[in-house]
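Residues per chain are reported as follows:
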Amino acid sequence: MQNIPSVDLRDFLSDDPARKQKFVNEIGSAFEDIGFVALKGHFLNDQLVEELYGEIRNFFALPLETKRSYEIPGIGGQRGYVSFGTEHAKGRKEGDLKEFWHFGQYVSENSKYASEYPENVTVNELPKFNAVGKEAYQMLEKTGVYVLRALALRLGLDEFYFDNYAKDGNSILRPIHYPPITSEPANAIRAAAHGDINLITLLMGAQGKGLQVQNHNGEWIDAIAEPDELVINVGDMLSRHTNNKLKSTIHQVVNPPRELWGTSRYSVPFFMHPVSDMPLNCLENCIDAENPKQFDDITAGDYLYERLVDLGLIKK
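Each chain carries its own residue numbering, running from 1 in the written order of its sequence. Given that the model is predicted, a residue must reach a pLDDT of at least 70 before its local features are reported, and side-chain atom pairs must reach 80 or more before they are shown or counted; all residues, however, enter totals for whole chains, interfaces and linings. To obtain the side-chain values, all non-hydrogen atoms of the structure were used and water was disregarded.

Undergrad: Can you break down the overall build of the chain residue by residue, with the values?
TA: Counting secondary structure elements, the chain contains eight helices and 13 strands. Any residue under 20% of the maximum accessible area for its type is buried, any over 50% is exposed, and the rest in between are partly exposed; the area is computed with a 1.4 Å probe on protein chains only. Of all 316 residues assigned to the chain, the portion counted as buried reaches 54%. Any two residues whose heavy atoms approach within 4.5 Å at even a single point are treated as in contact. Counting contacts in the chain only where the partners sit at least 6 residues apart, residues at least 24 apart contribute 77% of the total. Only the protein chains shown count as cover for residues, with accessible areas throughout obtained via the Shrake-Rupley method and a probe of 1.4 Å. Here the chain displays about 14400 Å² of accessible surface, and carbon together with sulfur accounts for 48% of that area. Helical segments are the DSSP runs of H or I of at least four residues, strand segments are the runs of E of at least two, and each set is numbered from the N terminus.

Undergrad: Give a description of the nonpolar core that names residues and reports values.
TA: Within the largest apolar cluster, 86 residues are counted, with the highest numbers of intra-cluster contacts made by Phe-31, Phe-59, Trp-101, Leu-151, Ile-200 and Ile-232. Looking at this core, the element that brings in the most residues is helix H5 (residues 129–154), giving eleven residues. Setting aside residues no more than four positions away along its own chain, Leu-151 makes contact with Ile-27, Phe-31, Ile-200, Leu-238 and Leu-246. Only buried residues count toward a nonpolar core, which is a set of Ala, Val, Leu, Ile, Met, Phe, Trp, Tyr and Cys residues joined through side-chain atoms within 4.5 Å.

Undergrad: Which residues make up the packing of aromatic side chains, and what values go with them?
TA: Pairing of aromatic rings covers Phe, Tyr and Trp, the last counted by its six-membered ring, and requires centre-to-centre distances within 6.5 Å; plane angles under 30 degrees mean stacked, over 60 mean edge-to-face, and any other angle means tilted. Overall, the coordinates contain 14 aromatic pairs when judged by the stated rule. Three or more aromatic residues joined by ring pairs form one cluster here, namely Phe-59, Phe-60, Tyr-70, Tyr-81, Trp-101, Phe-103 and Phe-129. In our convention, an over-ring charge means Lys NZ or Arg CZ found within 6 Å of a ring centre and within 35 degrees of that ring's normal. One Lys or Arg, Arg-57, reaches over the ring of Tyr-266 and ends 5.3 Å from the middle of that ring. A cation sits over an aromatic face here: Lys-142 above Phe-43, 4.4 Å from the ring centre.

Undergrad: Account for the pattern of salt bridges, naming residues and giving values.
TA: Any Lys or Arg side-chain nitrogen located within 4 Å of an Asp or Glu carboxyl oxygen qualifies as a salt bridge. Enumeration over the complete set of coordinates arrives at 14 salt bridges. Between Lys-22 and Glu-26 there is a salt bridge; the shortest N-O distance is 3.2 Å. Taken together, the residues Lys-22 and Glu-26, both in helix H2 (residues 17–33) and four residues apart, mark about one turn of the helix. Residue classification places Lys-22 among the partly exposed residues on the basis of a relative accessible area of 39%. Since its relative accessible area comes to 29%, Glu-26 is described here as partly exposed. Here Glu-32 ties to Arg-154 by a salt bridge, and the two come within 2.8 Å at their closest N and O atoms. A residue pair is termed long-range when its members are at least 10 positions apart, and Glu-32 in helix H2 and Arg-154 in helix H5 qualify at 122 residues. Look at Arg-154 and you get partly exposed, because its relative accessible area is 26%. By sharing partners, the salt bridges in this structure join Asp-11, Arg-19, Lys-22 and Glu-26 into a single network.

Undergrad: With reference to specific residues and values, describe H2.
TA: A turn of α-helix holds 3.6 residues, and therefore any two residues three or four places apart point the same way. Expected helix span is given by 1.5 Å per residue-to-residue step, counting one fewer step than there are residues. A rise of 1.5 Å per residue sets the reference length of H2, with its 17 residues, at 24 Å; its end C-alpha atoms lie 24 Å apart and thus fit the reference within 8%. Residues of H2 that are buried in the fold lie against strand S1 (6–8), helix H1 (9–13), strand S2 (36–40), H5 and strand S11 (230–234). Between N or O atoms, a polar contact is any pair within 3.5 Å; within protein, one atom must be a potential hydrogen donor and the other a potential acceptor, and residues adjacent in sequence are included only when both atoms are from side chains. The opening residue of H2 is Asp-16, an N-cap whose side-chain oxygen sits 2.9 Å from the backbone nitrogen of Ala-18. Following H2 by one or two positions, Gly-35 has its phi on the positive side, about 85°.

Undergrad: Describe in detail the state of the cysteines, supporting the description with residues and values.
TA: We call a pair of cysteine sulfur atoms a disulfide whenever their separation is within 2.5 Å. Summed over the entire model, instances satisfying the criterion amount to zero disulfides. Cys-286 provides the cysteine sulfur closest to Cys-282, a residue in no disulfide bond, and the two sulfurs are 8.2 Å apart.

Undergrad: Any details on the environment of Ser-83? Residues and values, ideally.
TA: With respect to the secondary-structure elements, Ser-83 resides in the loop between strand S3 (80–82) and strand S4 (99–102). In the structure, Ser-83 is positioned 19 residues away from Leu-64 in sequence and 8.8 Å away in space, judged by C-alpha atoms. Residues in contact with Ser-83, not counting those within four places in the same chain, are Arg-68, Glu-71, Lys-98 and Glu-99.

Undergrad: Provide a residue-level description of the packing of H2 against H5, including the pertinent values.
TA: Between the N-to-C directions of two axes lies an angle of 0 to 180 degrees, each axis being a line fitted to C-alpha atoms and, for a helix, fitted only over the stretch in contact. As a packed pair, H2 and H5 sit with axes 9 Å apart at the nearest point and diverge in direction by 85°. Regarding the angle of H2 to H5, the classification is roughly perpendicular. Two secondary-structure elements touch here, H2 through Lys-20, Phe-23, Val-24, Asn-25, Ile-27, Gly-28, Ser-29, Phe-31 and Glu-32 and H5 through Val-147, Ala-150, Leu-151, Leu-153 and Arg-154. All amino acids are sorted into three groups, where Ala, Val, Leu, Ile, Met, Phe, Trp, Tyr, Cys and Pro are nonpolar, Asp, Glu, Lys and Arg are charged, and the leftover types, Gly among them, are polar. For the contact of H2 with H5, the per-class residue count stands at eight nonpolar, three polar and three charged. Roughly parallel means an angle under 35 degrees; roughly antiparallel means over 145; roughly perpendicular covers 65 to 115; every other angle is labelled oblique.

Undergrad: Break down the pairing of S4 for me, citing the residues and quoting the values.
TA: Taking every second residue as pointing to the same face, both faces of S4 are buried, with Glu-99 and Trp-101 on one and Phe-100 and His-102 on the other. Across three bridges, S3 lies against S4 in antiparallel orientation. Across the sheet, Gly-80 pairs through a bridge with His-102, a residue of S4. Two strands form a pair only when DSSP identifies at least two bridges running between them. In terms of strand pairing, S4 meets strand S6 (residues 176–178) through two bridges, oriented antiparallel. Pairing of Phe-100 across the sheet is with Ile-176, part of S6.

Undergrad: Give a detailed account of the environment of Gln-214, specifying residues and quantitative values.
TA: With respect to the element layout, Gln-214 can be found in strand S9 (residues 211–214). Residue classification places Gln-214 among the partly exposed positions, given a relative accessible area of 26%. Residues Gln-214 and Gly-35, spaced 179 residues apart in sequence, show a C-alpha to C-alpha distance of 9.8 Å. Ignoring sequence-local partners within four residues, the contact set of Gln-214 consists of Glu-219, Trp-220, Thr-249 and Ile-250.

See below:
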């Protein structure tokens, strides 16, 4: 495969069973083949997208001292600001050439998961920042719920199988700033080759070159979305749960050509996580003689902890 397939969520949301099945077939086939799609018909409107990017640019333009005041120790970067070069890909020592912010789940007070999550961090200098971030978070989460429903049908499960695992899940909205490159990076790139940890990732900001996906032949493909599309990919948790039937694909964000070093890049991934006690045990209907069980049993919470240690965000 040399490009990323495009699908339209409005097919799944329609009252036409044939259109709904068409979406299930298309996204299922793409996720079994390369693990990535471009998605139209999501729940973000143009005004919200424009407001979010405006707030993100305003935040990352704040003085470094101000931004660092929102870097919260002891929580593995789960909320607030994470400074330039802190995170690195698994197996690498070089920090990625990026800084980012984390919005987390907005649970109800009576949720049994409320005590698990750190509080979201309020940016005092930008009165609209948190409200706009919360709205974008919730629209991306809503989109993700419908994508997971389609995948449940593809896997032969009840359509609503993932709903209770996604509700109050430990999902993260991560606005990222890749600053201008001021000198030749030794070994670092904007985001080194990696697989995502979570169930699925919904990415805003893949409208220009930079994001690359590795196909099964080991070739790197540019993943470029249309202005009205999100890029969605399978994460390692979902790959593990489906015994690698749905593929978590290695991807990276490469440095721009030298003539564009002076430019910033912004992207906003939504990492859709389940609740911590979701068992990621391989689904029985994804195991057979040709595809024996490949992964040990583990919960989503324990798996997330292991991976945050690998990324350098939690120090053992």
